[in-house]
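As a plain string of letters, each chain reads:
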Amino acid sequence: MSIEEAVAALTVTGSPFEITEAEIRGRTQRVFKNFPSIIPHLFAGSRNTGATADRPFLVYEGESISFSEAYAQADALGHALAQTFGVSKGDRVGIAMRNYPEWVISYIAIVSIGAISVSFNSWWTADELAYGIEDSTPKVIIVDRERLASTHEAARANGATLIAVRVDGALPEGVIAWSDVTAAGPSMPVVAIDPEDDATILYTSGTTGHPKGAVSTHRAVCSAVGLFGLRTTAEGLRNPPPAPDPNEAPTLPSFILIVPLFHVTGGVPVMLSCIVNSLKLVIMYKWDVEKALQLIEREKISNFVGVPAQGWDLVNFDRFSDYDTSSLRAIGGGGAPAPASQVEKTAKAFPKGAPGIGYGMTETNAFGPQNTGADYISHPTSAGRWVPPFEVTVRDEAGNDLPRGERGEICFKGPNLIRGYWNKPDATSSVIVDGWLHSGDIGRIDAEGFVYVEDRLKDMILRGGENVYCAEVESTIYEFPAVHEAAVFGMPHERLGEEVAVAILPKEGVDFDPAELQQFVGERIASFKVPVHVFVVKEPLPRNAAGKFLKRELRDSYVK
């Protein structure tokens, strides 16, 4: 069965994936007709099914929280947000914490009362967090121990209440303990929510030094979940799973959470897929390959979704064969391309599982072309194909669609796109043009519909799934007194894809210590943006006729 035949069979009239048209912000848009279009409706199955109530939902470091327990806490939190803290529909509520069960519970409560969930990057410095708080102006911020200190001053300055998670001892004045607002009892307030209401803000690195808050509506998030469901179900029709072994005890599918929830991958295809399908989500404190293998074996994990670097760690671990990974059925992720050799090695390492990759963005709620199984093995350098109502095209500099096989900018359209960037109309209009999202990536679509990403228009480094915009790093480096010229670029790295590098011409007569520069930068921006390679030069950096640094030339010379 072809992917087109499978999709046609699944989108017939009356099906959950039936496609219709709707008017969205003045444009006619193809959308799912019967799939939920507001996020609280995605929770209905796991909230109301009696068989699910006592099933493990969130498993973390020896803790296990059932679906009924999680919803009881979410209901109490939603009640407190609305009744105690005055959070109304459209107000922002921030989440600034590492991957804890409370992150998931907070999200459920926030979107259920019509508020906007603002995901703050837990790797941000205090200055970066302060910018996010000032930009989004949340009424309440839910923080963990590490983020309490780094958000306290900015929260107070902006009038935001802090709710503290997993903090021992006395709390600063005005900070509320999680346990004080999640005691079982009150029910979730009932709020009328429209599919076009704002639901989430996820921050992305910015080309001009500050991150941008990507705003998604309820319909956008739900559409992404539906698209993932359609794509997965279509693959199931094309390649039916083998009959279960009668000698093996049946186990329910489950996910291991190895990417941050403040990233769109962790928040949509992982977290929401578990909620919609009533699946167990096993949360890691931080990425550790051996700990992951132990959890896969003990919890019988079926779905491993991360960045290629984590899949690389898994299949290359020297004691990989010591652990039982036979429960895995899907080993994939996105955020960066995987080496072709890794695709074949993954397929051999998991004979019952299928390797996969996805090409999505924060701006698409993680959904985009996907490649899995036999298609991925036969097309290991492709990001894969897409399903409707999502659309992909390749365009030239004038905005014209190009024929199959020709290179141009990859553009996306669909109900899963963000509506824009928070408080940044110019940035929105430059990226979303006539309903099409311009990805900033250069690529092509072959005759079979496989998408290939080959280059970037943006001055950006892709480090282990994290976008690092060179302009932001350069802006910080230029604050260092010894620097005269600085050009930031990506250096190839086998595991991470790329690492951050910089070539620097010091000011004349000034001594220069690369280690001091790295420390200086690390105190001002997140650690993953700090240059690993610092190349000190004695001559002005190469530029083109327009005065721009020739970064590809720099990179190629240092690679050699």
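Rules of the game
- Residues numbered from 1 in each chain as written.
- Predicted model: local features only at pLDDT ≥ 70, side-chain atom pairs only at ≥ 80, totals over all residues.
- Heavy atoms only, no water.
- Salt bridge = Lys/Arg side-chain N within 4 Å of Asp/Glu carboxyl O.
- Helix = DSSP H or I, 4+ residues; strand = E, 2+ residues; numbered from the N terminus.
- Buried < 20%, exposed > 50% of the residue type's maximum accessible area, 1.4 Å probe, protein only.
- Axes fitted to C-alpha atoms, helices over the stretch in contact; angles between N-to-C directions.
- Parallel < 35°, antiparallel > 145°, perpendicular 65-115°, else oblique.
- Left-handed = near helix turned anticlockwise from the far one by under 90°.
- Contact = heavy atoms within 4.5 Å.
- Nonpolar A, V, L, I, M, F, W, Y, C, P; charged D, E, K, R; others polar.
- Lys, Arg positive; Asp, Glu negative; His and termini not counted.
- Pairing = 2+ DSSP bridges.
- Core = buried A, V, L, I, M, F, W, Y, C linked by side-chain atoms within 4.5 Å.
- Phe/Tyr/Trp six-rings, centres within 6.5 Å; stacked < 30°, edge-to-face > 60°.
- Lys NZ or Arg CZ within 6 Å of the ring centre and 35° of its normal.
- Disulfide = S-S within 2.5 Å.

**Some points on the pattern of salt bridges**
Here is step 1: In total, this model carries 38 salt bridges according to the counting rule given.
Here is step 2: With a closest N to O distance of 3.1 Å, Asp-375 and Arg-385 form a salt bridge. With Asp-375 in helix H14 (residues 373–378) and Arg-385 in the loop between H14 and strand E18 (391–395), this pair connects stretches of sequence that are 10 residues apart. Accessibility assignment for this pair places Asp-375 and Arg-385 in one class, buried.
Here is step 3: Sharing partners across several salt bridges, the network here consists of Arg-98, Asp-144, Arg-145, Glu-146 and Arg-147.

**Notes on the packing of helix H12 (residues 308–316) against helix H13 (residues 340–349)**
For any two helices packed against each other, one specifies the inter-axial angle together with the distance between the axes.
Here is step 1: At their nearest, the axes of H12 and H13 sit 10 Å apart, and the two run at 50° to each other. Classified by the angle between their axes, H12 and H13 sit oblique to one another. Seen along the crossing, H12 lies across H13 with a hand that is left-handed. Contacts between H12 and H13 involve Pro-308, Gly-311, Trp-312, Val-315 and Asn-316 from the first element and Gln-342, Lys-345, Thr-346 and Ala-349 from the second.
Here is step 2: A breakdown of the residues in the contact of H12 with H13 according to their chemical character gives 4 nonpolar, 4 polar and 1 charged.

**Let's talk about the side chain of Glu-499**
Here is step 1: Mapping Glu-499 onto the fold places it in strand E27 (residues 497–506).
Here is step 2: No salt bridge is formed by the buried Glu-499. Its closest oppositely charged neighbour is Arg-463, at 5.8 Å.
Here is step 3: Setting aside chain neighbours within four positions, we find Glu-499 in contact with Ile-461, Phe-489, Gly-490, Met-491, His-493, Val-532 and His-533.

**Considerations on helix H10 (residues 264–276)**
Here is step 1: Of all 13 residues in H10, 11 are buried, a share of seventy percent or more.
Here is step 2: Here H10 has its buried residues at Val-264, Gly-266, Gly-267, Val-268, Pro-269, Val-270, Met-271, Leu-272, Ser-273, Cys-274 and Ile-275.
Here is step 3: Following H10 by one or two positions, Ser-278 adopts a phi angle in the positive range, close to 55°.

**Focus: the sheet that holds strand E20 (residues 420–421)**
Here is step 1: Ordered by their spatial adjacency, 8 strands build an open sheet running E9-E8-E7-E5-E6-E10-E11-E20, and the pairing between neighbours is mixed. Bordering the open sheet on either side are strand E9 (176–177) and E20, each of which pairs with just one other strand.
Here is step 2: Relative to strand E7 (residues 140–144), strand E5 (residues 92–96) runs parallel, the two being bridged by 4 bridges. Bridging from a neighbouring strand, Ala-96 pairs with Val-143 of E7.
Here is step 3: Sheet strands touched by helix H9 (residues 218–238): strand E10 (198–204) and strand E11 (212–217). Its angle to E11, the strand with the most contacts, is close to 80°.

**A short note on the sheet that holds strand E3 (residues 56–60)**
Here is step 1: Strand order in the open sheet formed by 8 strands is E4-E3-E13-E12-E14-E15-E16-E17, and the pairing between neighbours is mixed. The two strands at the open ends of the sheet, each matched to only one other strand, are strand E4 (63–66) and strand E17 (370–372). The average angle at which neighbouring strand axes cross in this sheet is 20°, direction not considered.
Here is step 2: Both strand E12 (residues 254–257) and strand E13 (residues 280–283) contribute to a ladder of 4 bridges, which runs parallel. Following the sheet pairing, Leu-257 is matched in E13 by Ile-283.
Here is step 3: Contacts between H10 and the sheet are confined to E3, E12, E13 and strand E14 (303–306), with E12 contributing the most and set at about 150° to the helix.
Here is step 4: Packing against the sheet, H12 makes contact with E14 and strand E16 (354–358), and its axis sits at approximately 130° to E14.

**Section: the nonpolar core**
Here is step 1: Counting residues in hydrophobic clusters, the biggest one holds 110 residues, and the most contacted among them are Phe-43 and Tyr-107.
Here is step 2: Not counting chain neighbours up to four residues away, the residues in contact with Phe-43 comprise Tyr-71, Tyr-107, Ile-108, Val-111, Ser-112, Leu-272 and Ile-275.
Here is step 3: Formed by 22 residues, the second largest nonpolar core is a distinct cluster that contains Val-468, Ile-477, Ala-482 and Ile-504.

**What to know about the packing of aromatic side chains**
Here is step 1: Taken as a whole, this structure holds 23 aromatic pairs when the rule is applied.
Here is step 2: On the basis of an interplanar angle of 65° and a centroid distance of 5.4 Å, the ring pair of Tyr-359 and Phe-412 is categorised as edge-to-face. Within this pair, whereas Tyr-359 is found in the loop between E16 and E17, its partner Phe-412 is found in strand E19 (residues 408–413), the two being separated by 53 residues in sequence.
Here is step 3: Under the relative-accessibility criterion, Tyr-359 is labelled buried at 9%.
Here is step 4: The rings of Phe-228, Tyr-359, Phe-367, Phe-390 and Phe-412 are connected pair by pair, giving a single aromatic cluster.
Here is step 5: Looking at Arg-524, its charged tip hangs above the ring of Phe-520, at a distance of 3.6 Å from the centre.

**Points about the environment of Ile-201**
Here is step 1: Secondary-structure assignment places Ile-201 in strand E10.
Here is step 2: Remark: the alpha-carbon pair of Ile-201 and Val-215, spanning 14 residues in sequence, is separated by 4.6 Å.

**Thoughts on the side chain of Glu-102**
Here is step 1: Mapped onto the fold, Glu-102 is located in helix H5 (residues 101–112).
Here is step 2: Setting aside chain neighbours within four positions, we find Glu-102 in contact with Met-97, Val-165, Arg-166 and Trp-178.

**Here we look at the state of the cysteines**
Here is step 1: Taken as a whole and judged by the stated rule, the model has 0 disulfides.
Here is step 2: There is no disulfide at Cys-274, and the cysteine sulfur nearest it, in Cys-222, is 16 Å away.
Here is step 3: Relative accessible area serves as the criterion here: at 0%, Cys-274 is assigned to the buried category.

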